[in-house]
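# A look at the structure
Here are the chains, one letter per residue:
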Amino acid sequence: MPVRRKEAQVSCAERKRQRAKIGSLSENRVGRGSAKRDNENLAYFFWLLPVLCGPWAPDWETRDQQVMVFLEAMWCEGESRNRAGDLLSALLWHYKTRQKLPGSWAMFRTWAKLDPPAQTWPLPCAALFGMLGQAVTWGWTELAALLYISFHCFLRTGEMLSLSCAQVRGSKAAPVLCLADTKTSKRHGEAEYIAVEDEVAVILLHWLMGRKNHVGNFFSASPAVFRKMFRFLAESIGLDSAAFTPYSIRRGGATHDYMTHGDLNRSLIRGRWQTGKTARIYIKVGEELLARPWCVGRATQLEALRKVFLNFVNSILLRPGG
């Protein structure tokens, strides 16, 4: 019995050290990035509020009027719609303002109608292969492999950059990615899983695992470096880097999957959307955008780069143990 008590004490101490690194429960209710953004927006709001309409009122009816004045000022000063939305979301989270700011939310909906967001284009499959071939040409082979896997698995940018060997489960022939730190897994407290079904994606995944020797993320540089590399690749094949962003990988993968299989439920499950309505809007808009011209006069270049990438994949298979 004394030994068992000692083991319990050691286990408790170890848990205490681990949790000290993780942070408190309240701090982890939302992601660190979201918490930082909320704090910045609230500080901005309460710093300027007295100048615009006096101190924070004691009743919610007057507070609603104050937030409306603040939103109007943001609109007139050229602030982005995203920042206005982030402010309302921060107030909702920290002050439990659900149904307490009806006028402010109505004003934000008006803002959305007058100032629709610029659409991020889905990355066409031909453009993906062009970027992958260019990445191989420049020696960015690990990035090329990661981009292909992310396109196939509809990964968000953060999920792509944090992907590591530790997240690969299942058999060698049918690996599964375990995504524990995603937008929806944080909300529901459960990891999400996505099967790697594409043969080329499986080959590249095992190649990456061998390169990293089961240590660290597949992409070791910062998110800022990744975005710069992505922009260089996009511009090298004539894409508009304002329309095609890293999020284009997820959008392009989902749209390509639906156009290939014609199965919305399959795309919904692989994209990990909560409702068919969300997936339908997401994919249908993607189809519409893909119908627009984007690679005029570049077909020969894209086909050549596609062959460069496929030759790289074949070289992996020809290596010992490949």
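Scope of this entry: the structure provided in the associated data block. For every chain, the first residue of the written sequence is number 1, and numbering continues from 1 onward in sequence order. Given that this is a predicted model, residues contribute local features only at a pLDDT of at least 70 and side-chain atom pairs are listed and counted only at 80 or more, while totals for whole chains, interfaces and linings are drawn from all residues. Note that the side-chain values use all heavy atoms of the structure and ignore hydrogens as well as water.

### Focus on a nonpolar patch on the surface
We count it as follows: Patch construction takes residues with relative accessible area above 30% that form no salt bridge. Like charges are linked within 9 Å, and nonpolar side chains (Val, Leu, Ile, Met, Phe, Trp, Tyr) are linked within 5 Å. All accessibility values rest on the Shrake-Rupley procedure with a 1.4 Å probe; residue burial counts only the protein chains present in the view. Salt bridges are defined by distance alone: a side-chain nitrogen of Lys or Arg within 4 Å of a carboxyl oxygen of Asp or Glu. Each helix is a run of DSSP H or I of at least 4 residues and each strand a run of E of at least 2, with the numbering of both proceeding from the N terminus. Remark: exposure states derive from per-residue accessible area (1.4 Å probe, protein chains only) relative to the maximum for the residue type, with buried under 20%, exposed over 50%, and partly exposed in between.
Taken together, the side chains of Val 51, Leu 52 and Val 69 present a nonpolar region at the surface, about 260 Å² in accessible area. One can find Val 51 in helix H2 (residues 32-53). Relative accessible area serves as the criterion here: at 68%, Val 51 is assigned to the exposed category.

### Thoughts on the environment of Leu 48
Secondary-structure assignment places Leu 48 in helix H2. Taking relative accessible area as the criterion, Leu 48 reaches 23% and is therefore assigned partly exposed. Residues Leu 48 and Phe 70, 22 residues apart in the sequence, show an inter-C-alpha distance of 8.5 Å.

### A word on the pairing of strand S2 (residues 175-179)
As a reminder of what qualifies: A pair of strands is treated as paired once DSSP finds two or more bridges between them.
Burial runs high along S2: four of the five residues are buried. Direction of pairing for strand S1 (residues 168-170) relative to S2: antiparallel, over a ladder of three bridges. Paired with Arg 169 across the strands is Val 176, a residue of S2. A loop of four residues connects S1 with S2, the two strands running antiparallel in sequence. Where S2 meets strand S3 (residues 192-195), four bridges bridge the pair, whose relative direction is antiparallel. Across the sheet, Cys 178 pairs through a bridge with Tyr 193, a residue of S3.

### Considerations on the packing of aromatic side chains
Put simply, the rule is: Only rings of Phe, Tyr and Trp enter the pairing, Trp through its six-membered ring, and a pair is recorded when the two centres are within 6.5 Å. The plane angle decides the type: under 30 degrees is stacked, over 60 is edge-to-face, the rest tilted. Definition used: whenever NZ (Lys) or CZ (Arg) falls within 6 Å of the ring centre and also within 35 degrees of the ring normal, the charge is taken to sit over that ring.
For the structure on display, the rule yields 19 aromatic pairs. Measuring from ring centre to ring centre gives 6.4 Å for Trp 56 and Tyr 95, while their planes differ by 65°; the resulting arrangement is edge-to-face. Taken together, the positions of Trp 56 in the loop between H2 and helix H3 (60-76) and Tyr 95 in helix H4 (residues 81-95) put the pair 39 residues apart, joining distant regions of the chain. For the pair Trp 75 and Trp 111, a centre-to-centre distance of 5.5 Å together with 85° between the ring planes defines the contact as edge-to-face. Within this pair, whereas Trp 75 is found in helix H3, its partner Trp 111 is found in helix H5 (residues 102-114), the two being separated by 36 residues in sequence. Relative accessible area serves as the criterion here: at 36%, Trp 75 is assigned to the partly exposed category. You can call Trp 111 buried: its relative accessible area is 4%. The residue whose ring lies beneath Arg 63 is Trp 60, and the NZ or CZ to ring-centre distance is 4.6 Å. Above the ring of Phe 129, the side-chain terminus of Arg 306 is found at 5.7 Å from the ring centroid.

This is a description of form; function is not addressed.
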